[in-house]
Amino acid sequence: MRSRLAPRPDSAAARRFRFPRGLVCGLLAASITATAPPPAHTQSNFAPDTFEDPVAELLYTAAHANWKSLDESIQRYTALIRQRAATSIRALFRDRVLYHNETVVRAFWERDHEPVVQVLGTRSEYPGRQIAIEDGDLDWLEDLSFDRPFDPGSDRLLFGIPDESNLSLEPEDDEYWLAHPLAGGADSLYRFRSGDTLTLSLQDGSRLQAIQLDVLPREADAHRISGVLWIEPGSGALVRAVYRLSREFDAVRDIPDLEREEERGTFRFVPGLFKPWTFDITVVAVNYSLWDFKAWLPHSMRIEGEAAAGVVKIPVTADVSYEVESVALIEDANAELAGEAVQPALPPLKEVHFKTRAEAMAFVAQLLSEDEAVEYESLDSAGQMEAGRNSHLIVPKELHLVAESPHLPPPIWEDAIGFPTDAELERFIEKLADLPAPSIAQAALGFHWGWARHDLIRYNRVEGPAFGGRLEWALGRRFSLGTSGFFGFADFRPKVRVDLERSTMQRRLALGAFHELRPTDPGGRYLDFGNSLNAFLFGRDSGEYYKATGADLTWRPPEDSRESFTLRAYAERQSAVENGIDFALFRAFDGAGTFRPNIQADRVDEAGAELRLAPWLGNDPGGVQLGLELQGRWATWRVPGEGPRTDYQQASATLRTIVPVTGDGWRRWNIALEAAAGTTWGDAPVQRSWFLGGAGSLRGYSASTLSGLSFGRARVEVSRLYEAVSVIFFGDAGWTGDRNDIDSDDILYGAGLGGSVLDGLIRLDFSHGLKGPRKRFRVDLYLDAIL
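In this text the structure is predicted, and so the values were computed from the model without any measurement.

### Structural notes on the overall build of the protein chain
Tallying secondary structure elements over the protein chain gives nine helices and 38 strands in all. Residue pairs in contact within the protein chain that sit at least 24 positions apart in sequence constitute 64% of those at least 6 positions apart.

### A word on unusual backbone geometry
One non-glycine residue, S704, lies in positive phi territory at about 60°. Inspection of the secondary structure assignment puts S704 in the loop between β32 (690-692) and β33 (706-708). Positive phi, normally seen in glycine, also occurs at D784, with a value near 65°. Here D784 is to be found in the segment after β38 (777-783). Classification of D784 by relative accessible area gives buried; the value is 3%.

### What to know about helix α9 (residues 529-538)
Those residues of α9 lying buried are N531, S532, A535 and L537. Those residues of α9 hidden inside the fold are in contact with β20 (457-460) and β25 (545-556).

### A closer look at the side chain of R713
Considering the arrangement of structural elements, one finds R713 in strand β34 (residues 710-722). In terms of polar contacts, R713 uses its side chain to reach the side chain of E674, at 2.7 Å.

### Notes on the nonpolar core
Grouped together as the largest cluster of nonpolar side chains are 81 residues, with contacts concentrated most on Y77 and L229. When residues in this core are grouped by element, the largest group, nine residues, is from strand β14 (residues 277-291). With sequence-adjacent residues up to four places away left out, L229 is seen in contact with L157, L182, I211, Q212, L213, V215, L238, R240 and A241. One finds W690, L692, L706 and L748 within the second-largest nonpolar core, a separate group that totals eight residues.

### A look at the environment of A85
As for its placement among the helices and strands, A85 is situated in strand β4 (residues 74-89). Expressed as a C-alpha distance, the spacing of A85 and D319, which sit 234 residues apart in the sequence, is 6.2 Å.

### Points about the confidence of the model for the protein chain
Caution applies to low-pLDDT regions: their predicted coordinates should not be interpreted in detail. Mean pLDDT for the protein chain: 79, with 79% of residues reaching 70 or above. Contacts for the low-pLDDT stretch residues 163-170, under 50 throughout, to residues beyond four places or in other chains number 20 contacts. Taken together, the stretch residues 381-388 has pLDDT below 50 and engages in 12 contacts with residues farther than four places along the chain or on a different chain.

### What about the side chain of S226?
When you line up the elements, S226 lands in strand β11 (residues 225-232). For S226, a relative accessible area of 8% gives the class buried. If we skip the residues at most four places from it in the chain, S226 touches V215, P217, Y243, R244, S246, L432 and L435.

### Focus on the pairing of strand β6 (residues 116-126)
For β6, the tally of buried residues reaches nine of 11 residues, placing the bulk of the element in the interior. Direction of pairing for strand β5 (residues 96-110) relative to β6: antiparallel, over a ladder of nine bridges. Bridge pairing in β6 places N101 opposite S124. Here β5 hands over to β6 after five residues, with D112 in that stretch at a positive phi of 70°.

### Let's talk about the pattern of salt bridges
Two side chains that carry opposite charge are able to pair once their charged atoms sit near each other. Applying the stated rule across the entire model yields 54 salt bridges. Note that D552 and R497 form a salt bridge whose closest N and O atoms lie 2.9 Å from each other. Of the two residues, D552 sits in strand β25 while R497 sits in strand β23 (residues 494-503), which places them 55 residues apart along the sequence. Taken together, the shared-partner salt bridges in this structure form one network comprising R497, D499, E516, R518, D552, R568, E572, E606, E610, R633 and R688.

Quick notes on the rules
- Residues numbered from 1 in each chain as written.
- Predicted model: local features only at pLDDT ≥ 70, side-chain atom pairs only at ≥ 80, totals over all residues.
- Heavy atoms only, no water.
- Helix = DSSP H or I, 4+ residues; strand = E, 2+ residues; numbered from the N terminus.
- Contact = heavy atoms within 4.5 Å.
- Buried < 20%, exposed > 50% of the residue type's maximum accessible area, 1.4 Å probe, protein only.
- Polar contact = N/O pair within 3.5 Å; in protein donor to acceptor, adjacent residues only side chain to side chain.
- Core = buried A, V, L, I, M, F, W, Y, C linked by side-chain atoms within 4.5 Å.
- pLDDT = per-residue confidence, 0-100.
- Pairing = 2+ DSSP bridges.
- Salt bridge = Lys/Arg side-chain N within 4 Å of Asp/Glu carboxyl O.

Now the structure itself:
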C-alpha cells in the first residue's frame, strides 16, 4: 500500500552533490554543494526569531529528532525508475528543443552494496538526429542520464542526488553551494512558520496529516532556498517539498574566484551579447511514498530552471518517477536471520557462491534474461564497466533494443502517469508565489554601459551609433528600480527610461516614465542587435520610428518565462524624427541615399491600452506545432492644443503552424504555414499604420514597401532537415489598404530559397519579388523564423 509522502534529510553536516549527468550539470559545468553553516549553538537553542509560531518550532524539531531513524529502516528495494529531461533555447515566437532524453531502468538497491541497474530503455535526440545505438557500441552510455538510484541514507530534500564528494562544512571559492534549511546552524540563515494542514487518504481508509512549514531566508541570497516543506508531525517525516533559489545565481557575483577575475579585467573582451552568466532554479518539487505504512521511498521529482549567457537563454526541465516494486526492511531481514517467520512468508532461497563480482553480475544478468523477452549481459562480466559510474549496469545484448523499449516514458512535454501534472505544477508555483519576498541585506546596485550588455549599443538611421547605460537597483520585497539612457551621435538627443517593477513567480508589473525612440512595431525588435547589425553593415534599417514621451503601466510574464502575454496602459506624446545618418560600412562609397527616409509621424497626445497574447502549442520537433498571436489596441488621441479627441481601435491575428510530412522517405520533411491579418477602426495617426516588406512579413521587397490601415499576408515553406540544418523553399504574399476595397491586383508576391540552423533559430534567405516595380533580389539574415 502506498500513498504519496516524504522523508527527511540525513546528517546535519554539509553534503556536496551533483545533478545526474545529462540533466543540469552539462549546463552549469560545475558541481553544486549543499552546505551546512557551522552551528553556533545546539539545535535546542535556536535564535530567538527563528520561528514565527510554536507549531513551526515543533515541526522543525521533530524533523531533526527523527532524521536518522527512518533512513536506516530499509535493507533493500527494487524500483522501476523513469527519467526524462529536456533543454531548449528561448526565442520570442517559440522555444526550440536542443536535446531531450528519456530513460527507464530497474534498480536493485541493497544497503552496504553497490546498486545493480538493469537498463530497460534509453532514447536521446538532438535537433534532427536521434542517437543511434548499435550493437557493440557503448558510446550511448555517455547519454544515459541515470547514474545511481535513491539511497535511503542520503539527503531527501535533494531526492538523494548522488553524493560523490567528501563532507564539508565550509563553501569553497570554486564551487556553488546551497545552505541546507534543515542542517545545524540553519536558523542563522532561515526563519520558519507553519501553514495549512494537508490530509492524505491511504488505501486502507486511514488518514495521515502533514503540516506546512515555510522556509523563509533571512535575506535574498543565491545560496539559500525559499520554499515549503510538508512534515508529518507524529514521525517528523518530510512528506513533500517545493522550493526554489531565493535569488538568481550570477556566476561573477556569487563565485569569489570569478569575481576577482572580473575585477582584474579578465572578461573585458567577452561581448556584452553573452553576459551576464546566470542560472536560476525556479522550481524543485519532491514527493515521497509510504511503503506498507513503514518505509518512506521516493515517488517523483521535478526540476525547472534556466541557464543564461546574455541573450542566450536555455530552459532546463527534468523529471524522475519511482515505481517501487518490492521493499525489504531491516527488521524483516533480521527476522529472517533469526529464523523467525516473516509475513508474507517467502520461499526458501538457494545459496549460490561466486569467486568474483563479475561472475555474480553475469548470473544476475542470466536471471533477468529468463524473466524478460530480452537477453541481458553484465558490463562487468564483459570487462566494459565504465569507471565513472556508481552502479553496476546490466544491458541488453542487442543494444539497439534500448531505444525501442515499451517501458520508455514519453518526452517531458507530454503528461505521463507517475510524473507531476501541469495542474500540480501550477499549484506548486502558487505556493511559492505566496511566500513573502526575502529582504536584501544591502541595496544591490548594478551599473552597465556600452559593450557590457547586448542591448546597450545600437545603430539605426535616426540615432546613428547610440550608446547606453543602465542602473539597476534591487530594493527588496520583490521591487526593483531600473534606469536606462541612450545618446545618439547622429541626432545628439538623449533618451531615458525609468521603471519601478514588482516581480513575482507569476508576473511582472512595471510603472515606467520615458522619453525614448520608439519603433512603430515593437514586436519587430528593430532596436535590437540584429537590425542594428544589418543597418551598420548593409544600410538595411527595417524599422519606422517616432519619439514618445510619457508614462506606462505594463503587466507581463516573469523574466524566466516565455513572453506569452503583455498588457500595457499608456499616455504619451508622439512626434516625428528624421534620419540623422547616411552611412553603412559596405555602402560607404554609394553616396547619398544609403537609407530610405523615415516616416513623417503625426504629432499627437495619445492614451490607450495594448494587449498581446501569444500561446504556442506543441514542443515536439517531430510533431505538429501551432502558434497564435493576437494583438489589440484601443486608443484616443488629439493634436496638442487643438480640437476634440479622436478614438480608434486596432486588432490583428497571426496563425503559425508546422506540420511534419509522413510517409516513407519523407520523415525529415516539414511544411510550415503562416497567415496574418489586421485592421483599424477609426482614424489613427500615420505611425499606427501597418507596414509590410522585409524578412518578417514580405520577402523579396524592401521594408515598408506596403503600408495601410488594414493588411493581410501569408507565407508557405517546405523544408528538408539535414541534422541541425534545414534547406527551405518558400513563397510570400502580402497586401495593405482599405478593407472595404480589396483588389487582387494590389497583392504582391515573393519566393526564394533559404537555410536555417536549429529549427529556424538562425535563418538565411535568398528571395526575389515577383510583382510590381519595387521587386528586387534580397539576402536576409535574421533570427527566430518559423522553420
